[in-house]
Amino acid sequence: MTAQLRYRLGALWRKPRIDLPLFGSLLLLMGIGLTTLYSAGDLDRGVVVSQALRFALGLTLMFAIARVPPQALRNWTPWLYAGSVLLLVAVAVLGEGRGAHRWLDLKFVRFQPSEMLKLTMPMMVAWYLHGRPLPPSWSTLFVVGLLIAIPGGLVAEQPDLGTALLIAASGAFGVFLAGLAWWRIGALLAVFASAVPVGWHFLHDYQRNRVLTLLDPEADPLGNGWHIIQSKIAVGSGGLWGKGWHQGTQSRLEFLPEHTTDFIFSVFAEEWGLVGVLLLLALYIFIIARCLWIAAEAKDTYSRLLAGAISMSLFVYVVVNGGMITGVLPVVGVPLPLISYGGTSAVSLLAGFGVLMSIHAHRKTAPA
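Model, not experiment: these values are computed from the prediction.

## What to know about helix 12 (residues 264–297)
Think of an α-helix as 3.6 residues a turn; residues three or four steps apart then line up on the same face. Taking 1.5 Å of rise per residue, the 34 residues of helix 12 would be expected to cover 50 Å, yet its terminal C-alpha atoms sit only 34 Å apart, more than 12% below that figure. Maximal helix bending in helix 12 amounts to about 120 degrees, located at Gly-273.

## Quick look at the pattern of salt bridges
Counted under the stated rule, the structure contains four salt bridges. Between Glu-115 and Lys-118 there is a salt bridge, with its nearest N and O atoms 3.3 Å apart. In this pair, Glu-115 and Lys-118 are both assigned in helix 5 (residues 114–129), three residues apart and thus about one turn of the helix distant. Exposure class is identical for Glu-115 and Lys-118. Each is buried. Between Lys-243 and Glu-270 there is a salt bridge, with its nearest N and O atoms 2.9 Å apart.

## Here we look at a nonpolar patch on the surface
On the surface, a nonpolar cluster with roughly 460 Å² of combined accessible area is contributed by Leu-240, Trp-241, Leu-274 and Leu-278. Here Leu-274 is to be found in helix 12.

## Observations regarding empty space enclosed by the protein
With the rule as written, the count across this model stands at two cavities of 30 Å³ or more. Reported here for the largest cavity is a volume of approximately 230 Å³. Where the lining of the largest cavity is concerned, the elements lending two or more residues are helix 5, helix 13 (301–325) and helix 14 (345–361). The element contributing the most residues to the lining of the largest cavity is helix 14, with five residues. Taken together, the residues that form the lining of the largest cavity break down as eleven nonpolar, five polar and two charged. Space inside the second largest cavity adds up to approximately 30 Å³. Along the walls of the second largest cavity sit Cys-291, Ile-310, Ser-311, Leu-314, Leu-349, Gly-352, Phe-353 and Leu-356, which together make up its complete lining. Those elements that provide at least two residues to the lining of the second largest cavity are helix 13 and helix 14. Here the residues of the lining of the second largest cavity sort into six nonpolar, two polar and no charged.

## Observations concerning unusual backbone geometry
Between Leu-134 and the following residue, Pro-135, the backbone shows a cis peptide bond with an omega angle of 0 degrees. By secondary structure assignment, the location of Pro-135 is in the loop between helix 5 and helix 6 (138–156). Non-glycine residue His-246 carries a positive phi angle of around 65 degrees. As for its placement among the helices and strands, His-246 is situated in the loop between helix 10 (226–237) and helix 11 (249–252). Using a relative accessible area of 10% as the deciding quantity, one classes His-246 as buried. The residue Glu-258 is not glycine, and still its phi comes out positive at about 50 degrees. By secondary structure assignment, the location of Glu-258 is in the loop between helix 11 and helix 12. Take Glu-258: its relative accessible area is 37%, and that puts it in the partly exposed class.

What counts and how
- Residues numbered from 1 in each chain as written.
- Predicted model: local features only at pLDDT ≥ 70, side-chain atom pairs only at ≥ 80, totals over all residues.
- Heavy atoms only, no water.
- Helix = DSSP H or I, 4+ residues; strand = E, 2+ residues; numbered from the N terminus.
- Expected span 1.5 Å × (residues − 1).
- Bend = angle between axes of the 7 residues up to and from the residue.
- Salt bridge = Lys/Arg side-chain N within 4 Å of Asp/Glu carboxyl O.
- Buried < 20%, exposed > 50% of the residue type's maximum accessible area, 1.4 Å probe, protein only.
- Patch = residues over 30% accessible without salt bridge, like charges linked within 9 Å, V, L, I, M, F, W, Y side chains within 5 Å.
- Areas by Shrake-Rupley, 256 points an atom, 1.4 Å probe, with all protein chains shown as cover.
- 1 Å grid on protein atoms, 1.4 Å probe; cavity = no way out; pocket = protein on both sides within 12 Å on 5 of 7 lines; lining within 4 Å.
- Points joined across faces, edges and corners; volume = space filled by probe spheres on them.
- Nonpolar A, V, L, I, M, F, W, Y, C, P; charged D, E, K, R; others polar.

Following this line, the structure appears as structure tokens:
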């Protein structure tokens, strides 16, 4: 090992460029996730090991990205965005999946390219708005709308409407944080609301059924309403203190579908009760608040918009999953961050935290 290489490794050890409060809370959240997954998977160690490997890969990316200055990330953003869109085009041609073409198999790795857009989309919006007059004009909003609509449309066509909406929301948050006037926000919301009746006719049958099931799940209790009904039973039966770890009946007796993925929050609520749910939500609130603080301390427009959009996207993931398992929102397949099993969501999410770490290390109040 050369002296120069030893010096660089030593510098990486001495200055890892991580935000310790954020990193510690993420480790705690991942520990809760693995513990809950071990119970929800009926003590299947293979599932836990698989998820732990995803966490290890995500943490490796997080530490690597945290070492990259935000200016370098800004310079790479158009290429990362273009690469993500091209991968979506490849999915449309070569994609595979169960009932939908969402995965790309490259023989040595199989992944879901739409997960990359959850990070590259806010990066692209922040890149485009950086250096332009803010609040954005209508012409700027039109271009941003195209940047959001192109990958959003490709993901919706897979079909994966839930992920498409989350990707669009991550870009819209960047626009909102750019200081968009409230009257313009109202105008855009009015346009969106007026397009809902038209969009209803373009939905697939299963997507319409999810909305109708939300309104009246008891209309088909053994079919479309089964997921919501069993999830609400699991959440309610947890009571105040819960039934205890690995003592939940809804998941262990196979009443609750997708109990290691979309509905793992229901398993957690049944086992740990209202107290456990409130503590978990408090942990999420701390993480989101810390991310927003990093956004407020960012030293340029790109970093501020990007960090803020990532923070608000995390908030939406938690709210949507929580609303889904309690029957407040339709079942759209949004995982609970760092708790749900499977996919590449944990890896992409930890990569996003790496971006936040980088922004934190180069904040305006950082020491020289």
